[in-house]
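Analysis of the macromolecular model
One letter stands for each residue in the lines below.
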Amino acid sequence: MVTKKKQHADIEGRLSNTNSLIPAILSRRSVRVYEQRPLSEEDLEKINQIQNSVMPLFPKYIFSNDMQTREKKQNIVEILGAYGHIISPPYYFVPSIHGKSYPLIDLGFRMQQIAVGLWSIGIGSCFIGCLSREAKVRQLFMIPPEDRIAAFLVFGYPARSNGIQSLIEIGKFAKGNSGRKKIEEVFFYDDFNSPGLPPTSLEKILECAQAAPSAVNAQPWRFLLRNKKLFLYVNCKPKQFLLPENDDYCFHDGGTCLANIFMAANSLGIKMYWEFIDHMSDNRNLPKKEFLVPLVEIIIKN
Ligand SMILES: Cc1cc2nc3c(=O)[nH]c(=O)nc-3n(C[C@H](O)[C@H](O)[C@H](O)COP(=O)(O)O)c2cc1C
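On a predicted model such as this, the values are computed, not experimentally measured, just so you know.

1. Considering the overall build of the chain
The number of helices and strands found in the chain is 9 helices and 10 strands. A buried classification covers 42% of the 302 residues belonging to the chain. When contacts within the chain are restricted to residue pairs at least 6 apart in sequence, those whose partners lie at least 24 apart make up 78%.

2. Overview of the sheet that holds strand 5 (residues 151-156)
Pairing between sheet strands relies on hydrogen bonds along the backbone, with the strands arranged either parallel or antiparallel. Strand order in the open sheet made by the 4 strands is 2-3-5-4, with antiparallel pairing throughout. Sheet topology places strand 2 (62-69) and strand 4 (124-129) at the edges, where each strand pairs with a single neighbour. Pairwise comparison of adjacent strand axes, ignoring direction, gives a mean angle of 25° for this sheet. Taken together, the 8 bridges between strand 2 and strand 3 (residues 91-98) define a ladder with antiparallel strand orientation.

3. Remarks on the packing of helix 2 (residues 41-52) against helix 4 (residues 103-120)
The axes of two packed helices give the description: the angle between them and the distance between them. Close contact between helix 2 and helix 4 brings their axes to 9 Å; oriented N to C, the two are set at 150°. The orientation of helix 2 relative to helix 4 falls into the category roughly antiparallel. In the packing of helix 2 onto helix 4, the handedness of the crossing is right-handed. Facing helix 2, whose interface residues are Ile-47, Ile-50 and Gln-51, helix 4 presents Ile-114, Gly-117 and Leu-118. Split into classes, the residues belonging to the contact of helix 2 with helix 4 amount to 4 nonpolar, 2 polar and no charged.

4. Comments concerning the site of the ligand
For the ligand, the set of nearby residues contains 19 residues, the closest of which are Arg-29, Phe-127, Gly-129, Pro-213 and Asn-217. Counting only elements with at least two residues in the shell around the ligand, the list comes to strand 4 and helix 9 (249-268). In the shell around the ligand, the residues fall into 9 nonpolar, 7 polar and 3 charged.

5. Examining unusual backbone geometry
Excluding glycine, a negative phi dihedral is what most residues carry, and trans is how most peptide bonds are arranged. We note that Met-142 has phi near 50°; this positive angle belongs to a residue other than glycine. Among the structural elements, Met-142 can be located in the loop between helix 5 (134-141) and strand 5. If you check the backbone angles, Phe-291 has positive phi at about 75° while not being a glycine. Residue classification places Phe-291 among the partly exposed residues on the basis of 13 C-beta atoms within 10 Å.

6. Digging into the confidence of the model for the chain
Per-residue pLDDT for the chain averages 86, and the proportion of residues at 70 or more is 83%. For residues 1-17, every residue scores under 50 in pLDDT, and the model assigns this stretch 39 contacts once sequence neighbours within four places are set aside. Note that pLDDT drops below 50 for residues 172-177; the model gives that stretch 6 contacts with residues more than four away or on any other chain.

7. Some words on the nonpolar core
Residues Leu-153 and Leu-232 are the most contacted members of the largest nonpolar core, which totals 82 residues. The element best represented in this core is helix 9, accounting for 11 residues. Every residue in contact with Leu-153, bar those within four places of it in the chain, is listed here: Tyr-92, Phe-93, Pro-95, Met-111, Ile-114, Ala-115, Ser-125 and Phe-127.

About the thresholds
Residues numbered from 1 in each chain as written. Predicted model: local features only at pLDDT ≥ 70, side-chain atom pairs only at ≥ 80, totals over all residues. Helix = DSSP H or I, 4+ residues; strand = E, 2+ residues; numbered from the N terminus. Buried ≥ 20, exposed ≤ 12 C-beta atoms within 10 Å, placed from the backbone. Contact = placed C-beta atoms within 7 Å. Pairing = 2+ DSSP bridges. Axes fitted to C-alpha atoms, helices over the stretch in contact; angles between N-to-C directions. Parallel < 35°, antiparallel > 145°, perpendicular 65-115°, else oblique. Left-handed = near helix turned anticlockwise from the far one by under 90°. Nonpolar A, V, L, I, M, F, W, Y, C, P; charged D, E, K, R; others polar. Near = placed C-beta within 6 Å. pLDDT = per-residue confidence, 0-100. Core = buried A, V, L, I, M, F, W, Y, C linked by C-beta atoms within 7 Å.

Right, dumping it as structure tokens:
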């Protein structure tokens, strides 16, 4: 059965500080060293607002995002896996979702809005993947067996920062060295044999799309422009030596990329519509390539 979900990118007014989102999207980087001091009451209130303004991809999916404070006696290694040895975040979110098709895309989509929102108010964060330990993590946090959790989002004040301005400056510098693929490696015309530079009208949006975080910086997103429609695919080729256990991160990170696209479009006042693709039964006759899964058709209104 073809299950197409039509969504209208009507996010105007629902995301806070939309004007400042593009610098925040472009400059955000993962923060792995935190100050141990607690967040101020004012920032906690802002985080609450950011959480409440998150836009769902599939509104019917049940999303839960408990905020946890790291207690001294808590075994952070048990929770975060090996990263618990090197990261000591004062706070972390435990995001999980219940939904039928593509729940991980929605999870990445929602959590990236939160990550960018936090960055825009001077709070750093880092996703810590847990797909390989999903069953264990469900048990630890009493998450129902049918719900999905792909990554924690750890957060707090970055060590040695002087607030939002310095975060954005550090981020700009860091992005230059963050090993992002060239746009010609991920953007194609008509099929996957014709890489190229995107039209000027899409440049900013795709720059934001590419700034999304991804597990092991795999940057699974691929963009195909065909008949004036933009298709987002993800590369789900398992990275055997880095992610032996599960290649589902491609879906989560398709979601982080999609979140950047829609936050950018909203900030730029560009109207878009999108339609999810059921790749098993889609009849659009889309170009195929091994390991590439088409996720979304994006229609941009001029
Ligand atoms: C789903 C997911 C899981 C991640 N897991 C980890 C992790 O376990 N440890 C870590 O240090 N970074 C992790 N990251 C952060 C990525 O390494 C980071 O996003 C990527 O290298 C790009 O760098 P940037 O976020 O600074 O732009 C993860 C990111 C995502 C989206």
